[in-house]
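Topology and contacts: notes
Here are the chains, one letter per residue:
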Amino acid sequence: MTQTVLIVEDEPKLAELLADYLRQAQYRIHIIDNGLEVVDWVKAERPDLVLLDVMLPGMDGLEICRELRTFSNVPVIMVTAKVEEIDRLIGLELGADDYVCKPFSPRELVIRVRNLLRRMGAGTQENSGDAPGRLRLNQDAISVQLGEQALSLTKIEFELLRVLSAHPGKIFSRDMLIDRIYSDHRIVSGRTIDSHIKKLRVKLERLNELAGVEKDWIVSIYGVGYKAER
Ligand code: CA
């Protein structure tokens, strides 16, 4: 079934370029260039994904995203022209699922669209099929359990998993994770977080294998940070 992607973008050339790439990837495309038209269109047409520019005439992307979330779980990718704005956008908790910064490679954006739709699709199947189980955190043992299986974690891995999974679907930047995990104001770089997350994901994969579960518990949002799957 062909999926529909709504492109909300007021730069016609960019909108057309994106539309070309996404059409080639077999998506149906609709373009809106004015913020005021978006909410009604989404209500009426129920697209499968929305690419939402932040700076728009009529109504800005932030406001649109908030309003969409009052009635829809449609995946939203926010597009901003300022890389330094991404942290602020995440902090606002608008309910967007991913963020990209201009200029971006259309090819990469297509990959992100596809991944996001796949993740959302996987979520629906899980709900209708066998329950995939839940991760259970054991604070005393500093371990994580899935079904009958358990694995020990390091303290940092445990804390990362605790913070992320306390807010499923919420994107945490590296700085946000550092703030929440290192209370002693040690100087920690984003790379340190990346490396702990990498090890944590290897352990969770191992746990999946042991428990016979297939699920990406932690998803990295390219250039932005991490989130736990819903
Ligand atoms: Ca714009």
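Now for a look at the structure at hand. Source: prediction; values computed, not measured. (Residues numbered from 1 in each chain as written. Predicted model: local features only at pLDDT ≥ 70, side-chain atom pairs only at ≥ 80, totals over all residues. Heavy atoms only, no water.)

Before going further, it helps to spend a moment on the packing of aromatic side chains. Taken as a whole, this structure holds zero aromatic pairs when the rule is applied. The ring of F71 carries K43 above its face, with NZ or CZ at 5.0 Å from the centroid. (Phe/Tyr/Trp six-rings, centres within 6.5 Å; stacked < 30°, edge-to-face > 60°. Lys NZ or Arg CZ within 6 Å of the ring centre and 35° of its normal.)

End to end, helix α8 (residues 190–211) covers 31 Å across 22 residues, agreeing with the expected 32 Å (1.5 Å per residue, within 8%). Directly beyond the C-terminal end of α8, a positive phi value near 65 degrees is found at G212. (Helix = DSSP H or I, 4+ residues; strand = E, 2+ residues; numbered from the N terminus. Expected span 1.5 Å × (residues − 1).)

Let us now look at the coordination of the calcium ion. D10 (OD), D53 (OD) and M55 (O) make up the full set of protein donors to the calcium ion, lying at 2.1 to 2.3 Å. Binding-site remark: the calcium ion is held by donors from one chain whose sequence spacing is D-x42-D-x1-M. (Donors = N, O, S within 2.8 Å, 3.2 Å for Na, K, Ca; no water.)

Another point: the nonpolar core. One finds L52, V76, M78, Y99, L177 and I218 to be the most contacted residues of the largest nonpolar core, which totals 56 residues. Top element by residues in this core is helix α6 (residues 155–166). It accounts for six residues. Taken domain by domain, this core gets at least three of its residues from each of domain 1 (4–122) and domain 2 (135–228). Setting aside residues up to four positions removed in sequence, L52 forms contacts with V8, G61, I64, C65, V76, I77, M78 and V79. One finds L14, A19, L51 and V79 within the second-largest nonpolar core, a separate group that totals 21 residues. (Core = buried A, V, L, I, M, F, W, Y, C linked by side-chain atoms within 4.5 Å. Buried < 20%, exposed > 50% of the residue type's maximum accessible area, 1.4 Å probe, protein only. Domains from an automatic or database assignment. Contact = heavy atoms within 4.5 Å.)

We now examine the packing of α6 against helix α7 (residues 174–181). With their axes 10 Å apart at the nearest point, α6 and α7 run at an angle of 115 degrees to one another. What the angle tells us is that α6 and α7 run roughly perpendicular. The interaxial crossing formed by α6 with α7 has right-handed handedness. Across the interface between the two elements, I156, E159, L160, V163 and L164 from α6 touch L177, R180 and I181 from α7. Taken together, the residues that form the contact of α6 with α7 break down as six nonpolar, no polar and two charged. (Axes fitted to C-alpha atoms, helices over the stretch in contact; angles between N-to-C directions. Parallel < 35°, antiparallel > 145°, perpendicular 65-115°, else oblique. Left-handed = near helix turned anticlockwise from the far one by under 90°. Nonpolar A, V, L, I, M, F, W, Y, C, P; charged D, E, K, R; others polar.)

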